[in-house]
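Coordinate inspection notes
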Amino acid sequence: MATMKRMIAVAAALLSMTATGLAADKTDAKAKPYPLDKCIVSDEKLGGEMGEPYVFAHEGQEIKLCCKPCLKDFNKNPKKYLKKLDKADKK
């Protein structure tokens with residue numbers, strides 16, 4: 001019985017993570033275009049060694065990351081990284 005409860009809990013957690021990931025993958029057609037040619041977190045060139053960029057919308061702004069693992073850092077402190085976009089807009 002305990003094993004069955006554990007299996008259900010693991011399945012529920014996996015489904016929750018999958019649903020969250022899918023929501024983050026969606027881009028908003030009305031989002032402001034991403035102005036940089038590099039990852040906002042790592043400063044790595046987009047489409048380089050990491051493959052296709054991970055693209056999502058954050059508060060009406062399209063964001064591109066070199067890889068999905070950078071999303072964790074972005075989510076810890078989005079304001080820190082969004083400042084890079086402000087600088088790009090001023091140029």
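Our structure is the block above this text.
Below or above, wherever it landed, is the structure these notes cover. Remember, it's a predicted structure, so these values are computed and weren't measured experimentally. Every chain is numbered on its own, with residues counted from 1 as its sequence reads. Only residues with pLDDT of 70 or above have their local features reported here, since the model is predicted, and side-chain atom pairs are shown and tallied only from 80 upward, although totals for entire chains, interfaces and linings are computed over all residues. Each side-chain value is derived from all of the structure's non-hydrogen atoms; neither hydrogens nor water enter the calculation.

1. Focus: the overall build of the protein chain
In this text, helices come from DSSP runs of H or I with a minimum length of four residues, and strands from runs of E with a minimum of two, each type numbered from the N-terminal end. Per the secondary structure count, the protein chain includes three helices and two strands. Across the protein chain, helices and strands are ordered from the amino to the carboxyl terminus as α-β-β-α-α. Remark: exposure states derive from per-residue accessible area (1.4 Å probe, protein chains only) relative to the maximum for the residue type, with buried under 20%, exposed over 50%, and partly exposed in between. Each of the 91 residues in the protein chain was classed as buried or not, and the buried ones make up 25%.

2. Focus on the nonpolar core
To form a nonpolar core, buried Ala, Val, Leu, Ile, Met, Phe, Trp, Tyr and Cys residues must be joined to one another through side-chain atoms within 4.5 Å. If you look at the biggest cluster of nonpolar residues, it comprises 18 residues, and the most contacted ones within it are Ile-40, Val-41, Ile-63, Leu-65 and Phe-74. When contributions to this core are tallied by element, the ones reaching two or more residues are β1 (54-58), β2 (61-65), α2 (70-76) and α3 (78-90). The contact rule is simple, with two residues in contact once any of their heavy atoms fall within 4.5 Å. Non-local contacts of Leu-65, meaning those with residues more than four positions away in its chain, are made with Cys-39, Ile-40, Val-41, Leu-46, Pro-53, Tyr-54, Phe-56, Cys-70 and Leu-71.

3. With respect to α3
Given a helix with a known number of residues, its expected span is that number minus one, times 1.5 Å. Look at α3: 19 Å from first C-alpha to last across 13 residues, which is about the 18 Å you get at 1.5 Å a residue. Restricting attention to buried positions, one finds in α3 the residues Tyr-81, Leu-82 and Leu-85. End-on, the buried residues of α3 take up no more than an arc of 100°, which puts them together on one face. Facing away from the buried surface of α3 by more than 90 degrees, the exposed residues are Lys-79, Lys-83, Lys-87 and Lys-90. The secondary structure elements touched by the buried residues of α3 are β1, β2 and α2. When we speak of the arc, we mean the arc of directions from the helix axis to the C-beta atoms.

4. Describing the pairing of β2
Buried residues dominate β2, accounting for four of its five residues. Any two strands are treated as partners once DSSP identifies two or more bridges connecting them. Of the strand pairs in this sheet, β1 and β2 are connected by five bridges, and their pairing is antiparallel. Across the sheet, His-58 pairs through a bridge with Gln-61, a residue of β2. Two successive antiparallel strands, β1 and β2, enclose a turn made up of two residues, where Glu-59 displays a positive phi of approximately 50°.

5. Points about the side chain of His-58
Tracing the backbone through its elements, the reader meets His-58 in strand β1. Apart from the residues lying within four places of it in its own chain, the contact partners of His-58 are Ile-63, Phe-74, Pro-78 and Leu-82.

6. Topic: unusual backbone geometry
Even without a glycine there, the phi angle at Asp-43 is positive, about 65°. Relative to the elements of secondary structure, Asp-43 occurs in the loop between α1 (2-25) and β1. A positive phi is found at Glu-59, a non-glycine position, where the angle reads about 50°. Its place among the elements puts Glu-59 in the loop between β1 and β2.

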